[in-house]
Amino acid sequence: MGKKHRFETNAVHGNYESSQFLGSLTPPLFQTSTFTFDRAETGEARFSGAEEGMIYSRLGNPTVQLLEDKMAMLEGGEKALAFGSGMAAVSSVLLHFVKQGSHVLCSKGIYGCTYGLLKWLQEKLDITFDLLDMESSEEIEKRLTEKTACIFIETPINPTMEVINLKTVVESAKKYNVPVVVDNTFCSPYLQRPIEWGCDVVIHSATKYIGGHGDVIAGVVVGKEDLINEIARHIRKDIGGVMSPFDAWLLLRGLKTLPVRMERHCENAMKLEEKLIAHHAVEEVIYPKAESTNGQMSGSGGIISFKIRGSKEEAQKLLNSVQLIKVAVSLGDTETLIQHPATMTHAIVPEEERIKMGITDQLIRLSVGLEAWDDIWEDLEQALNQVSLKD
Ligand SMILES: *Cc1c(COP(=O)(O)O)cnc(C)c1O
């Protein structure tokens, strides 16, 4: 309404008018399952769609809608839809696009459970899927068939942190009229907005940076109004993976500090990257460079992966030696978290595929938190010093 503001301002105020809610400064929590109708005819009009308004919280809830409106604004999309988890968002989008025998073209690495879901759809609906580097348009176009229902990518890829050029993917996809879906969990809309690059759908595990405090499991989908309405009507309503109003309320609160949190996550990660590179127990540090993404990413993010010199035993020893840093999956929290993808988040991926994805036993993923960076480093350094080196 009125003047257009910048991202940081929209994260605080975007799409919320306190005057519509008795002047409440912060968005109110409508913790209710259902809504009363003043007359039978009102119920009839709402169910038929003749009148707008709330019916039942699986179909829509004002607090959840406030979150959806803010997410659509921050991602630069027409409309958003909230889900009870990132995987409910991923599965709803995939179910929308695929049918029996469809093909899905994926980035070389995808979230472990997304991979598991595609495997299950393969058995259930005979869909096929490819994992691809996506480095050139020729490579992408060679793999597109008339059965390709969508291109599904993550960038940076979890946990190997390779960046995919969205412009290249979109150019090829447009030629063949294939929708592009991006799981934008690792960047958050603060660092990367795929819709601005021509992608069709953005997915978030809002569990991560959107919430930012490790206290919610949630997901969001952003895209064109028609597509979002379809998914709302036929998938979210009837399969029912909805977000609870309280979780939406926590996420609305989290979003207000997204820009400042992301700045600090990036700053801490950059300092740790330098230290890690110089440590003798570290063979390679994988951290994307925002400067080399032609503006696609405005910062490098808070996730660093690195390979230690050693095997699975040394990797586990490292995890067993940290004290301040917590051994846990998930990411984007205030606390620094460390995990071993090969035996944790990506254990479901068969070894051969996993190695192809670059997820070896040496690989460690660090989700850099908001603590003082030197405290994080001092803990990581003492743990790295305990990794006994084979060579
Ligand atoms: C965590 C995650 C998901 C799944 O989200 P949940 O909220 O755990 O269901 C999907 N994609 C990526 C990249 C993730 O990190």
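Cut-off values and rules
- Residues numbered from 1 in each chain as written.
- Predicted model: local features only at pLDDT ≥ 70, side-chain atom pairs only at ≥ 80, totals over all residues.
- Heavy atoms only, no water.
- Patch = residues over 30% accessible without salt bridge, like charges linked within 9 Å, V, L, I, M, F, W, Y side chains within 5 Å.
- Areas by Shrake-Rupley, 256 points an atom, 1.4 Å probe, with all protein chains shown as cover.
- Salt bridge = Lys/Arg side-chain N within 4 Å of Asp/Glu carboxyl O.
- Helix = DSSP H or I, 4+ residues; strand = E, 2+ residues; numbered from the N terminus.
- Buried < 20%, exposed > 50% of the residue type's maximum accessible area, 1.4 Å probe, protein only.
- Near = heavy atom within 4 Å.
- Polar contact = N/O pair within 3.5 Å; in protein donor to acceptor, adjacent residues only side chain to side chain.
- Domains from an automatic or database assignment.
- Contact = heavy atoms within 4.5 Å.
- Buried area = accessible area lost by both parts, 1.4 Å probe.
- Expected span 1.5 Å × (residues − 1).
- Phe/Tyr/Trp six-rings, centres within 6.5 Å; stacked < 30°, edge-to-face > 60°.
- Pairing = 2+ DSSP bridges.
- Lys, Arg positive; Asp, Glu negative; His and termini not counted.
- Core = buried A, V, L, I, M, F, W, Y, C linked by side-chain atoms within 4.5 Å.

Participant: Got a minute to help me understand a nonpolar patch on the surface in this structure?
Facilitator: A cluster of nonpolar side chains, contributed by Phe 37, Phe 47, Tyr 56 and Leu 59, occupies part of the molecular surface with about 390 Å² of accessible area. Along the chain, Tyr 56 falls in the loop between helix H2 (40–48) and helix H3 (62–75). On the basis of relative accessible area, Tyr 56 is assigned to the partly exposed category, the value being 38%.

Participant: I would appreciate a short explanation of the site of the ligand in the present structure.
Facilitator: Every one of the 13 residues lining the ligand counts as a neighbour, but Met 87, Asp 183, Ser 205, Thr 207 and Lys 208 are closest to it. One of the side-chain nitrogen or oxygen atoms of Thr 207 is found 2.6 Å away from an oxygen atom of the ligand.

Participant: Please clarify how the domain arrangement of the chain should be interpreted in this entry.
Facilitator: Interface extent is often summarised as the accessible area lost during association of the parts. Along its sequence, the chain is carved into domain 1 (7–30 + 61–256) and domain 2 (259–388). Computed over C-alpha atoms, the centres of domain 1 and domain 2 are 24 Å apart. Residue-level contacts link 39 residues of domain 1 with 37 residues of domain 2. Between domain 1 and domain 2, roughly 3100 Å² of surface is buried when both sides are summed, and carbon and sulfur atoms account for 64% of that area.

Participant: Would you take a moment to explain helix H10 (residues 245–256) for this structure?
Facilitator: Structurally, the α-helix is built with 3.6 residues per turn, so residues lying three or four positions apart point the same way. Helix length check: H10, at 12 residues, gives a terminal C-alpha distance of 17 Å against a target of 16 Å (1.5 Å per residue), a fit within 8%. Buried-residue contacts for H10 involve helix H1 (7–13), H3 and helix H11 (258–278).

Participant: What exactly am I supposed to notice about the packing of aromatic side chains here?
Facilitator: For any pair of aromatic rings, the description consists of the separation of the ring centres together with the inter-plane angle of the planes. For the structure on display, the rule yields six aromatic pairs. Taking 5.7 Å as the distance between ring centres and 10° as the angle between the ring planes, the aromatic pair formed by Tyr 16 and Phe 21 counts as stacked. Judged by relative accessible area, which is 18%, Phe 21 ranks as buried. In textbook terms, an aromatic cluster arises when at least three aromatic residues are bridged by ring pairs, as seen for Tyr 16, Phe 21 and Phe 30.

Participant: What is the right way to look at unusual backbone geometry in this model?
Facilitator: Among all residues save glycine, negative phi is the norm, and among peptide bonds the norm is trans. Along the chain, Thr 155 connects to Pro 156 via a cis peptide bond; the corresponding omega equals -10°. Following the sequence through the fold, Pro 156 ends up in the loop between strand S4 (148–154) and helix H7 (166–175). In this model, Ser 330 sits at a positive phi of 80°, which is unusual for a non-glycine residue. Here Ser 330 falls in the partly exposed class, since its relative accessible area comes to 21%.

Participant: What is the right way to read the pairing of strand S9 (residues 303–308) from this model?
Facilitator: The side chains of a regular strand alternate between the sheet's two faces. Counting buried residues along S9, six of its six residues qualify, which places the element largely inside the surrounding structure. Judged by which residues are buried, S9 turns out to be covered on both faces: Ile 303, Ser 305 and Lys 307 on one side and Ile 304, Phe 306 and Ile 308 on the other are all buried. In this structure, S9 lies alongside strand S12 (residues 363–367), joined through five bridges in antiparallel fashion. Bridge assignment links Ile 303 to a residue of S12, and that residue is Ser 367.

Participant: I keep staring at the side chain of Asp 183 and nothing clicks. Help me out?
Facilitator: Its location among the elements puts Asp 183 in strand S5 (residues 180–183). Here Asp 183 sits buried without a salt bridge, and the closest side chain of opposite charge, Lys 208, lies 7.5 Å off (N-O distance). Separated by 2.5 Å, the side chains of Asp 183 and Thr 185 make a polar contact. If sequence neighbours within four positions are ignored, Asp 183 has contacts with Val 90, Phe 152, Ile 153, Glu 154, Thr 155 and Ile 203.

Participant: Would you mind showing me how to read the sheet that holds S9 here?
Facilitator: Two strands in a sheet stick together by hydrogen bonds in their backbones, pointing the same way (parallel) or opposite ways (antiparallel). The sheet built from five strands is open, its strands ordered S8-S9-S12-S11-S10 with mixed pairing. The sheet terminates laterally at strand S8 (282–286) and strand S10 (326–327), the two strands that pair on one side only. Note that strand S11 (residues 337–339) and S12 share three bridges and pair antiparallel. For Leu 337, the partnering residue across the bridge sits in S12 and is Ser 367.

Participant: Would you mind going over helix H4 (residues 86–97) with me for this structure?
Facilitator: Between its first and last C-alpha atoms H4 spans 17 Å; for 12 residues at 1.5 Å apiece the expected length is 16 Å, and the two agree. Among all positions in H4, only Gly 86, Ala 88, Ala 89, Val 90, Ser 92, Val 93, Leu 94 and Phe 97 are buried.

Participant: Can you help me understand the environment of Pro 189 in this one?
Facilitator: With respect to the helices and strands, the residue Pro 189 is situated in helix H8 (residues 188–191). We classify Pro 189 as buried; its relative accessible area is 0%. Put simply, Pro 189 and Val 202 are 13 residues apart on the chain and 9.6 Å apart in space, counted from C-alpha to C-alpha. What Pro 189 contacts, discounting residues up to four positions off in sequence, is Phe 7, Leu 74, Glu 75, Asn 184, His 204, Ile 210 and Leu 258.

Participant: Please clarify how the nonpolar core should be interpreted in this entry.
Facilitator: Nonpolar side chains tend to gather and get buried jointly when the protein is soluble and globular. Grouped together as the largest cluster of nonpolar side chains are 74 residues, with contacts concentrated most on Leu 67, Val 104, Phe 152 and Ile 203. Structurally, this core is a two-domain feature, drawing no fewer than three residues from each of domain 1 (7–30 + 61–256) and domain 2 (259–388). Discounting residues that sit within four places of it in the chain, Ile 203 has contacts with Ala 89, Val 90, Val 93, Phe 152, Val 181, Val 182, Asp 183, Asn 184, Thr 185, Val 220 and Val 221. Ranked by size, the runner-up nonpolar core spans 25 residues in total, among them Leu 318, Ile 364, Trp 377 and Leu 380.

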